[in-house]
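# Structural overview for review
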Amino acid sequence: MLDKNSHIPIYIQIEEIIKQRIFLEEYKIGENIPSERELSIQFDVSRMTVRQSITNLVNSGLLYREKGRGTYVANPKLEQPLKGLTSFTEDMRARGMEPSSKVLRFEKIVPPVDVAGDLMLEPGEEVFFVVRIRNADAKPMAIERTYIPVKIYPELDEKKIIGSLYALIEAKSHQKIGNAIQQMEAAIVSKEDSKFLQINHAAPVLIIKRTSYLSDGVPFELVRSTYRADRYKFISEIKR
Ligand code: 16G
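The structure displayed is predicted, hence computed values, not measured ones. (Residues numbered from 1 in each chain as written. Predicted model: local features only at pLDDT ≥ 70, side-chain atom pairs only at ≥ 80, totals over all residues. Heavy atoms only, no water.)

## What to know about the domain arrangement of the chain
Our working rule: Source of the domain bounds: an automatic or database domain assignment.
Under the domain assignment, the chain is made up of domain 1 (10-73) and domain 2 (78-235). Between the C-alpha centres of domain 1 and domain 2 the distance comes to 36 Å.

Printed below as a string of structure tokens:
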């Protein structure tokens with residue numbers, strides 16, 4: 001209940017009560033929560049105060065607003081450990097979700113010089129450039145733009161890449177994938193990607209650039225993955 005004499009601001013108390021209701025499943029995932037007007041009557045506070053609490057919960061990803069329809073309880077974000085070198089397919093299966101992909105582009109190109117440099121290619125060497133939407137349980141999670149040197153897997157085609165790239169590469173090269181270097185940064189989604197990811201066009205995304213190597217040290221992919229920031233959080237263990 002609200003304590004109007006408390007030193008804790010009212011909007012923060014309301015946030016806590018709403019969180020509690022979500023935790024107790026009084027407000028269920030994917031369902032509408034009461035309107036600002038109803039909540040302001042319930043708590044006997046102004047709509048402005050309720051709006052502030054809801055905005056904070058929307059910003060933290062617990063709730064989301066649908067224009068003209070109200071405020072809903074969001075799915076909890078997927079927690080992706082920044083630990084083992086796993087594939088999207090493995091990550092989703094480990095969670096009991098069904099991975100799938102939609103290939104938006106598949107072409108053979110001479111890559112830009114920076115990409116060629118990262119992949120340690122000779123001048124003029126070709127790569128496959130693949131753009132895939134990665135879905136979990138048929139919902140878009142990420143867009144991956146991948147460069148794979150043609151010499152690594154000359155027979156790669158649009159149909160094969162629908163499944164797991166890592167499984168294909170390991171089977172083809174008869175060696176394990178060894179390690180990768182990753183960089184992560186925050187960004188605002190591009191107009192094009194917002195459509196594919198089914199998010200608002202100013203929504204935040206997390207971009208991971210990964211260069212991966214076979215166990216003999218040969219680079220086999222350079223990927224830029226754009227993740228929905230409302231669906232993902234990355235977790236790492238750090239020791240001292
Ligand atoms: C992950 C990797 C990506 C890799 C893909 C392979 C990150 C940031 N990216 O999404 O680099 O290409 O898995 O998945 O983790 P697949 O084997 O299912 O095609």
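## Describing helix α2 (residues 36-43)
Each full turn of the α-helix corresponds to 3.6 residues, which orients residues three or four apart in the same direction. Note the cut-off: Burial status follows relative accessibility: with a 1.4 Å probe on protein chains alone, a residue under 20% of its type maximum counts as buried, one over 50% as exposed, and anything between as partly exposed. Runs of H or I in DSSP of at least four residues are treated as helices and runs of E of at least two as strands, each being numbered from the N terminus. It is the directions from the helix axis to the C-beta atoms that the arc portrays. The criterion used for residue contact is that any of the two residues' heavy atoms lie within 4.5 Å.
Along α2, the residues classified as buried are Glu-36, Leu-39, Ser-40 and Phe-43. Buried residues of α2 fall within an arc of 100 degrees about the axis and therefore sit on the same side. On its buried face, α2 sits against α1 (10-23), α3 (47-59) and β1 (63-66). Where α2 ends, the next residue or the one after it, Asp-44, has phi of about 55 degrees, a positive value.

## Thoughts on the UniProt feature "domain: HTH gntR-type" (unreviewed entry) in the chain
How we decide: UniProt positions are given in the numbering used here, feature names are shortened, and annotations may be inferred rather than shown by experiment.
In the numbering adopted here, UniProt assigns the feature "domain: HTH gntR-type" (unreviewed entry) to residues 8-76. The distance separating the terminal C-alpha atoms of residues 8-76 is 26 Å; by composition the span is 51% helix and 12% strand.

## Observations regarding the environment of Arg-134
Applicable threshold: The definition of a polar contact used here is a pair of N or O atoms within 3.5 Å, where within protein one atom must be able to donate a hydrogen and the other to accept one, and adjacent residues in sequence count solely through side-chain atom pairs.
Assignment of secondary structure puts Arg-134 in strand β5 (residues 127-136). Each C-alpha atom of the pair Arg-134 and Glu-144 lies 7.3 Å from the other, and the pair is 10 residues apart in sequence. Arg-134 has contacts with Phe-88, Thr-89, Ser-100, Ser-101, Lys-139, Pro-140, Met-141, Ala-142, Glu-144 and Gly-163, leaving out every residue within four places of it along the chain. Polar contacts involving the side chain of Arg-134 include one to the side chain of Ser-101, which spans 3.1 Å.

## Structural notes on the side chain of Glu-125
Among the structural elements, Glu-125 can be located in the loop between α5 (113-118) and β5. Of note is the side chain of Glu-125, whose polar atom sits 3.2 Å from the side chain of Lys-151. Among all residues touching Glu-125, those that are not within four sequence positions of it are Ile-109, Val-110, Pro-111 and Lys-151.

## So, the environment of Lys-108
Take Lys-108: it is sitting in strand β4 (residues 99-109). Distance in space between the C-alpha atoms of Lys-108 and Gln-13 is 57 Å, their sequence separation being 95 residues.

## What to know about the site of the ligand
To be explicit about the condition: Summary of the distance rule: residues count as near a molecule or strand when at least one heavy atom falls within 4 Å of that molecule or strand. Each accessible area is a Shrake-Rupley result for a 1.4 Å probe, and residues are judged covered by the shown protein chains and nothing else. Whether a set of points on the 1 Å grid over the protein atoms alone is a cavity depends on a 1.4 Å probe fitting there but being unable to get out, while an open set qualifies as a pocket with protein on both sides within 12 Å along at least five of seven lines; lining residues are those with an atom within 4 Å of a point. Whether a molecule lies in a cavity or pocket depends on its atoms, and more than half of them have to be within 2 Å of the grid points.
Around the ligand there are 17 residues in total, and Thr-89, Glu-144, Ser-164, Leu-165 and Glu-221 lie nearest to it. Here Arg-134 contributes a side-chain N or O atom positioned 2.9 Å from an oxygen atom of the ligand. Tyr-166 is positioned such that a nitrogen or oxygen atom in its backbone is 3.0 Å from an oxygen atom of the ligand. Surface burial for the ligand is 97%, taken as the share of its 460 Å² of free accessible area covered by protein chains. If you map the ligand onto the pockets, it falls in the second largest pocket. Every element with two or more residues in the shell around the ligand is listed here: α4 (88-94), β5, α6 (165-173), β8 (204-214) and β9 (219-228). The element best represented in the shell around the ligand is β9, accounting for four residues.

## Some details on the sheet that holds strand β6 (residues 139-149)
The line we're drawing: Only strands joined by at least two bridges in the DSSP assignment are considered to pair. A fitted line through C-alpha atoms represents every axis, and for helices the fit uses only the stretch in contact; the resulting angles, taken between N-to-C directions, go from 0 to 180 degrees.
Pairing is antiparallel across the open sheet formed by six strands, whose spatial order is β4-β5-β6-β9-β8-β7. The outermost strands of the open sheet, each flanked by one partner alone, are β4 and β7 (177-188). Between one strand axis and the next, the sheet turns by 15 degrees as a mean value, whatever way the strands run. Sheet topology note: the β7/β8 ladder contains 11 bridges and is antiparallel. Its bridge partner being in β8, Met-184 is matched across the sheet by Ile-208.

## Thoughts on the pattern of salt bridges
For the record, the criterion: A pair is scored as a salt bridge if a Lys or Arg side-chain nitrogen falls within 4 Å of a carboxyl oxygen belonging to Asp or Glu.
According to the stated counting rule, one finds 19 salt bridges in the structure shown. A salt bridge links Glu-144 to Arg-132, with the shortest nitrogen-to-oxygen separation between them at 3.4 Å. Taken together, the residues span a long stretch of sequence, with Glu-144 in strand β6 and Arg-132 in strand β5 at a distance of 12 residues. Linked through salt bridges whose partners overlap, the residues forming this network are Lys-83, Glu-237 and Lys-239.

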